[in-house]
Amino acid sequence: MQKLNKANLRQKGAALIIFAVIISLVILSFTFKNLNGKQLEALKKDKTAKALFEAKNALLGWSVLRGITGQPGMPGQLPCPEDTALIGTANEGTALTNCNSALPVVGRLPWRTLRIGDLRDGNGDKLWYALSSGFRNAPINSATNGQINVNGTPNAAVAIIFSPGVVLAGQNRPTPTNILPPQVADYLDLTNNDGDINFTSTGPAGTFNDGLMLVTQGELFQLVERRVLREIRGDSTQGLARFYTANASNYPYADADNDGYVNVAQLAGTPSYQGINNTDPDNLFFNTALKNILVSNNWMPLVNYQITADRQFVTLTLNGQSLSVP
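Residues numbered from 1 in each chain as written. Predicted model: local features only at pLDDT ≥ 70, side-chain atom pairs only at ≥ 80, totals over all residues. Heavy atoms only, no water.

Attention shifts here to the nonpolar core. Residues Leu78, Ile232 and Leu316 are the most contacted members of the largest nonpolar core, which totals 57 residues. No other element matches helix α1 (residues 2-64), which puts 8 residues into this core. Counting residues in hydrophobic clusters, the runner-up holds 11 residues, among them Trp128, Ile160, Phe162 and Tyr187. (Core = buried A, V, L, I, M, F, W, Y, C linked by side-chain atoms within 4.5 Å. Buried < 20%, exposed > 50% of the residue type's maximum accessible area, 1.4 Å probe, protein only. Helix = DSSP H or I, 4+ residues; strand = E, 2+ residues; numbered from the N terminus.)

Below you can see the structure in the form of structure tokens.
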């Protein structure tokens, strides 16, 4: 009888231990489930933020490089949204060729044109993109303002990149095709999908969850202006450095009347882009393609050209940014 009691006690003890282990596992499982949910949400937000930043940097870089060899266009130009006719083909993600409009154009981000791969946010959705009017055709320069209002602030952006967030009530997101392309109202919310110039970054819960990354006029042209100044400074193939190297003596005087030609003895004005006169082709400072880009986009009148009296040193200034030559 004593042995039986001891056996029962051991069995009861073992059962209690097993029960305690089960309870602990349930508690741990519940705890880890909550932690993993929070961690997963944080990872999604982090992935979305990185995708938006990568897309923004790609847009800025693409714009700055327009007009160099093999990169058609002009500095400051931005791509159209994705051409939906190419969805499902080997060229999916390529930008529309033409999207000039008086209103912002909205569509999916042209990831292939930007050469960033099929970029997705934390929910696995493709990014969307709004492009302001005025950034497709010349003239595009530092005086070109974005025509996108955000949260009531006028001219707040030249472009917006969106993470569309999870599907909300009333939205339907079937797999898009070139026959049935994605509809903006199924991805972007509230005033972000109504086709006007007004956009928002906030809205009531349950009706809004867009994530926005703005590209401002200042951010874009701070980079583009540096490119323009470097082009005017030039190298061995064009620009002021070419003139100096070819003449081995001094830099040209300024253009004081903005006709493109040098005005003798003028130390301040704008850069001359036609040379000394129109009869001596050796005095042309810029190659034709670059000159046409700078002139058609009205960059030269915006650049201040200041030369020292001995004509050995030039300072170029554009919208507060300066570059010394040499």
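That was the structure; now back to the text.
With that out of the way, let us pick up helix α5 (residues 288-296). The complete set of buried residues in α5 reads Leu290, Lys291, Ile293 and Leu294. Each buried residue of α5 sits inside an arc of 160° when the element is viewed along its axis, so together they form one side. Away from the buried face of α5 by more than 90 degrees, exposed residues Thr288 and Ala289 are located. Against α3 (217-233) lie the buried residues of α5. Asparagine 298 sits one or two positions beyond α5 and adopts a positive phi of about 60°. (Arc of directions from axis to C-beta. Contact = heavy atoms within 4.5 Å.)

Turning to the pattern of salt bridges, a few remarks are in order. All chains considered together, the criterion is met by 9 salt bridges. Here lysine 50 ties to aspartate 46 by a salt bridge, and the two come within 3.2 Å at their closest N and O atoms. Here lysine 50 and its partner aspartate 46 are both found in helix α1, 4 residues apart, which amounts to about one turn of the helix. Since its relative accessible area comes to 36%, aspartate 46 is described here as partly exposed. Arginine 108 is the salt-bridge partner of glutamate 82, the closest N and O atoms lying 2.7 Å from each other. Here the residue glutamate 82 occupies a position in the loop between α1 and β1 (105-108), and arginine 108 occupies one in strand β1, the gap between them amounting to 26 residues. Each member of the pair, glutamate 82 together with arginine 108, is buried. A cluster of three or more residues bridged by salt bridges with shared partners is formed by Glu82, Glu92, Arg108, Asp118, Arg120 and Lys126. (Salt bridge = Lys/Arg side-chain N within 4 Å of Asp/Glu carboxyl O.)

Here we take up the side chain of threonine 270. Along the polypeptide, threonine 270 turns up in the loop between β8 (268-269) and α5. In contact with threonine 270, not counting residues within four places along its chain, are Ala254, Asp255, Asn258, Met300, Pro301, Val303 and Tyr305.

A word on the sheet that holds strand β3 (residues 148-150). Spatially, the 3 strands line up as an open sheet ordered β4-β3-β6, and their pairing is mixed. Only two strands of the sheet have a single neighbouring strand rather than two, namely β4 (153-157) and β6 (198-199). Strand direction decides the pairing type here: β3 and β6, joined by 2 bridges, are parallel. Opposite valine 150, over in β6, you have phenylalanine 199 as the bridge partner. (Pairing = 2+ DSSP bridges.)

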